[in-house]
Amino acid sequence: MYNPYFLAGMFLLGLLLQPIVALSQSGSFGLIDTTGQVVIPFEYTSLSHPFDNRIVAYKDGLTGVFDTQGTLIIPFDTPHISSFDQGMATYSTGQKCGYIDTSGTIKVSVTYDRCNPFIDSLAWVGKNTEEGLRYGVVNNQGQLIIPCIYEQAGSHLYMNDLFKVNQQGKHGLIDRQGNQITSIKYSEIGTFSEGLLRVRKNGLFGFVNSTGEEVIACQFQRAGYFNNGLVYTRNQQEEVYRDRKLAAVINITGWNLLTGFSEDGLAQFKENELIGFRNRLGEVVIKPQYDVISALENGRSRVVKNGYNGVLDANKNVIIPIVYHSIGADSDGIIIARKGDHYGALDTVGKVVIPFIFEYIERFRNGQTYSLAKNNGAYGVIDKQGETLIPFSYKNVPDLRFPYGLCPFEKEGKMGYLNLQGDVVIPFEYLTARAFSDSGVAICKKAD
């Protein structure tokens, strides 16, 4: 049975185990501080991003661990150590894995065949058995608190500390101590919504609560998730929104809805390949006329009509004309849009605040008053009025942030660090350069 949480966890683990490499460039990695001084010399095949004040280095087929001051904490005597997270890292020798802490102390010996990252002081581990790979749980003291008997690593549901587990193709719930909360009998387990967990058994959907009680029996061919006290259900052709007692609240049979009802009581529906809005009485509030409708902030919607984009307000009135080739999300009241081949920006009522003269503008992120833009084939930085803060002189800016007042820029094939005033603080001498971490260090790569 497909388990997206398990696969996501394994994908994350795979990323943590991957060495950092630059595409088709020889050279070695090192670490610098905000003055450009070398903290870890440029002699390593890869360096991990700093986590828990630790950096994993890879060289000559072995891994070692430095702190962010450049002190070697764990010597180079292990083939693989993953990045640290929550004070723990996986390590492996041969085909077996275990866990070490930030001091290099072995917390779990290399006795397992799979080791997932720790979440809330617990980690799923796998062991090969006669029946195949089976998973259990260890704590950060190395104790196996749930035996390796499950076919898949359970995903944490973040509701009463419950985990999904799988045996013989069926799913169930256990707690952090390994106690069964439900029998392992469901073909599918979803996520909690408003305190209820959607489950599927014998092809039908129902709901259990956080103590494992099946409060709504598995009886629906289709079911959504609870939202504002209601859940979508379908049996045969009948489609109904029901409350927690299964009373029919809104019968939507034949309405051809595309979405649930939002806080304004409206839902999208489709007719003759066009999209409009109905209310909870089934009345057409906005006739079908749009090709695409997607939600924005504060009740607004992005709409596409005849290939052009615009924005509706919470009352479904057009506030940004449907004349743009693309419209982005609202970032602190600034909406990046494209008209023809040029980018500009609008405010939330459609007034142009940045003229449409740029080849590209990145959205204003996380309250930043600056953003990346492109003009004449080069990158620079502009403010919310479109004024140039850093000239358009750079080939690439992989991550426009200024932790410690510095950001890596690329020019003429080399990378260096600029401040927001455009001054070169650390010279252009690196093949690759990353943003400074919270520890005030950055991973860079130099030619050998």
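In the block above lies the structure referred to throughout.
Starting from 1, residues in each chain are numbered consecutively following that chain's sequence as written. For a predicted model such as this one, the threshold for reporting local features is a pLDDT of at least 70, and the threshold for listing and counting side-chain atom pairs is 80 or more; totals across whole chains, interfaces and linings nevertheless cover every residue. Only heavy atoms go into the side-chain values, all of them from the structure, while hydrogens and water stay out.

A. Structural context of the environment of Asp 85. Comment: elements are numbered from the N terminus, with helices defined as DSSP H or I runs of at least four residues and strands as E runs of at least two. Within the fold, Asp 85 resides in the loop between β7 (80–81) and β8 (88–93). Between the C-alpha atoms of Asp 85 and Asp 101, which are 16 residues apart in sequence, the distance is 9.5 Å.

B. Examining the nonpolar core more closely. Nonpolar cores are built from buried Ala, Val, Leu, Ile, Met, Phe, Trp, Tyr and Cys residues. Side-chain atoms within 4.5 Å join them into one set. Each residue is placed in one exposure class: buried if its accessible area under a 1.4 Å probe, protein chains only, is under 20% of its type's maximum, exposed if it is over 50%, and partly exposed if it falls in between. Tyr 370, Leu 372, Tyr 379, Val 381, Ile 390, Tyr 394, Val 397, Leu 400, Phe 402, Cys 407, Phe 409 and Leu 418 together form the largest nonpolar core, which totals 12 residues. For this core, the elements supplying multiple residues, two or more each, are β37 (370–375), β38 (378–383), β39 (388–394) and β40 (407–411). Whether two residues touch is decided by their heavy atoms; if any such pair falls within 4.5 Å, the residues are in contact. Once residues within four sequence positions are removed from consideration, Leu 372 is found in contact with Tyr 360, Ile 361, Glu 362, Tyr 379, Gly 380, Val 397 and Leu 400.

C. Highlighting the state of the cysteines. We call a pair of cysteine sulfur atoms a disulfide when they lie within 2.5 Å. All chains considered together, the criterion is met by 1 disulfide. Covalently, Cys 97 is tied to Cys 115 through a disulfide, its sulfur atoms 2.2 Å apart. Looking down the S-S bond of the Cys 97 and Cys 115 bridge, the torsion is 95°, so its handedness is right-handed. With a gap of 18 residues between them, Cys 97 in strand β9 (residues 96–101) and Cys 115 in strand β11 (residues 114–115) connect regions that are remote in the sequence. By relative accessible area, Cys 97 is classed as buried at 9%. This cysteine, Cys 148, is not joined by any disulfide, and Cys 115 carries the nearest cysteine sulfur, 9.7 Å off.

D. Examining the packing of aromatic side chains more closely. Geometry of aromatic contacts follows a simple scheme: Phe, Tyr and Trp rings, the Trp one being its six-membered ring, pair when their centres are within 6.5 Å, and the pair is stacked under 30 degrees between planes, edge-to-face over 60, tilted otherwise. Counted under the stated rule, the structure contains 17 aromatic pairs. Taken together, a centroid distance of 5.9 Å and an interplanar angle of 70° make the contact between Tyr 343 and Tyr 360 edge-to-face. Of this pair, Tyr 343 sits in strand β34 (residues 342–346) while Tyr 360 sits in strand β36 (residues 360–361), placing them 17 residues apart in sequence. Given a relative accessible area of 29%, Tyr 360 falls into the partly exposed group. Judged by centre distance (6.1 Å) and plane angle (15°), the ring pair of Tyr 394 and Phe 428 falls under stacked. You can see Tyr 394 sitting in strand β39 and its partner Phe 428 sitting in strand β42 (residues 424–430), a full 34 residues away along the chain. Take Tyr 394: its relative accessible area is 7%, and that puts it in the buried class. Taken together, Tyr 44, Phe 66 and Phe 76 form an aromatic cluster joined through their ring pairs. For the cation-ring pair, Arg 244 lies above Phe 226, with the distance from its terminal atom to the ring centre recorded as 5.7 Å. Remark: a charge is flagged as sitting over a ring if the NZ atom of Lys or the CZ atom of Arg is within 6 Å of the ring centre and within 35 degrees of the ring normal.

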